[in-house]
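Coordinates in review
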Amino acid sequence: MQKIILTGATGGLGKALVDVIGEHDSNELVCVYRNEEKFTALREKHTDLTGYKLSKEDNFEELFATICHEDIDKIVLILNAFSISPIKKIGDMKAEEIGASVYGNVVRNYLLVNETVRYCKANALGLRIINLDSGAADHSLMGWGNYCASKAFMNSLLSVVACENPEYQIVSVDPGVMDTDMQAEIRAVKQDVFEQVDTFINYKKSGLLKAPETVAKQIADKYLYDWTAKSMREKLR
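Values in this document were obtained by computation on a predicted structure and should not be read as measured data.

**Here's the deal with the overall build of the protein chain**
The helix and strand tally for the protein chain stands at eight helices and seven strands. Taken over C-alpha atoms, the radius of gyration comes to 18 Å for the protein chain, in line with the 18 Å a tight globule of 237 residues would show. Its C-alpha atoms give the protein chain principal-axis dimensions of about 55 × 40 × 35 Å. Buried positions account for 47% of the 237 residues belonging to the protein chain.

This is how it looks when you write it as structure tokens:
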């Protein structure tokens, strides 16, 4: 039996993944979340859903002690929780904004990856990591310093995990631009902060944004219930 750990489960692509996995077997899934109200709403549809609420301590050892048992032979970790906030130029951010962004996008994900690898090694479990990638990892975008850097960091970190553990299955998947709350946040930014904002406004107007439900099914088909990865970084078409 595999246990799927999904971060960022209560909105956008995460919520769509919960629905897709729930159709298969909700018992496999553990949702890592922050917003109690949104998770409660998820459980109205998926009544047997298991959740782990993040705290200031982020004690992921407690997460594994709670969810794992002797029937598990593999962990699947889906890293979906990344925030683009604040969209500001470097030099205009407050120290606390930088700290919150780096902690949420980098440190917390690093802690979870570290504890997942430790747990799998200690219990002789297989491990598959599906990281939600972005073109921002490779392109410098005005106002996106925190987001670009955090995406690049995670790709670098996971490449080391793969180097150290060639038996693990690891992929960073760029889903493309989706119709999510993050896209709405991008469209609301002024052009002097993010000069390409009109491009993202036109994505929406032209119907070029992918539905999270479509992307969730692609991810499940290619990397969750099958494994078709040909490289460590891939882009969905």
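**Comments concerning the packing of aromatic side chains**
Taken as a whole, this structure holds ten aromatic pairs when the rule is applied. A ring pair is formed by Y33 and F39, whose centres lie 4.2 Å apart and whose planes are at 10°; its orientation type is stacked. Classification of F39 as buried rests on a relative accessible area of 4%. Among the aromatic residues, ring-to-ring pairing joins W144, Y147, F194, F200 and Y203 into one connected group. In this structure, K151 packs its charged tip against the face of F82, placed 3.6 Å from the ring centre.

**Notes on the sheet that holds strand β5 (residues 126-132)**
With respect to topology, seven strands assemble into an open sheet ordered β3-β2-β1-β4-β5-β6-β7, the strand pairing being parallel. Taken across any chain shown, the strands that pair with only one partner, and hence form the sheet edges, are β3 (50-53) and β7 (233-235). Each neighbouring strand pair of the sheet contributes to a mean axis angle of 20°, computed without reference to strand direction. Relative to β7, strand β6 (residues 169-174) is paired through three bridges, and the arrangement is parallel. Paired with V173 across the bridge in β7 is E234. In the packing of helix α4 (residues 95-122) onto the sheet, the strands contacted are β1 (2-7), β4 (74-79) and β5, and the crossing angle to β4 comes to about 170°.

The rules behind these values
- Residues numbered from 1 in each chain as written.
- Predicted model: local features only at pLDDT ≥ 70, side-chain atom pairs only at ≥ 80, totals over all residues.
- Heavy atoms only, no water.
- Helix = DSSP H or I, 4+ residues; strand = E, 2+ residues; numbered from the N terminus.
- Rg over C-alpha atoms; globule rule 2.2 N^0.38 Å.
- Buried < 20%, exposed > 50% of the residue type's maximum accessible area, 1.4 Å probe, protein only.
- Phe/Tyr/Trp six-rings, centres within 6.5 Å; stacked < 30°, edge-to-face > 60°.
- Lys NZ or Arg CZ within 6 Å of the ring centre and 35° of its normal.
- Pairing = 2+ DSSP bridges.
- Axes fitted to C-alpha atoms, helices over the stretch in contact; angles between N-to-C directions.
- Contact = heavy atoms within 4.5 Å.

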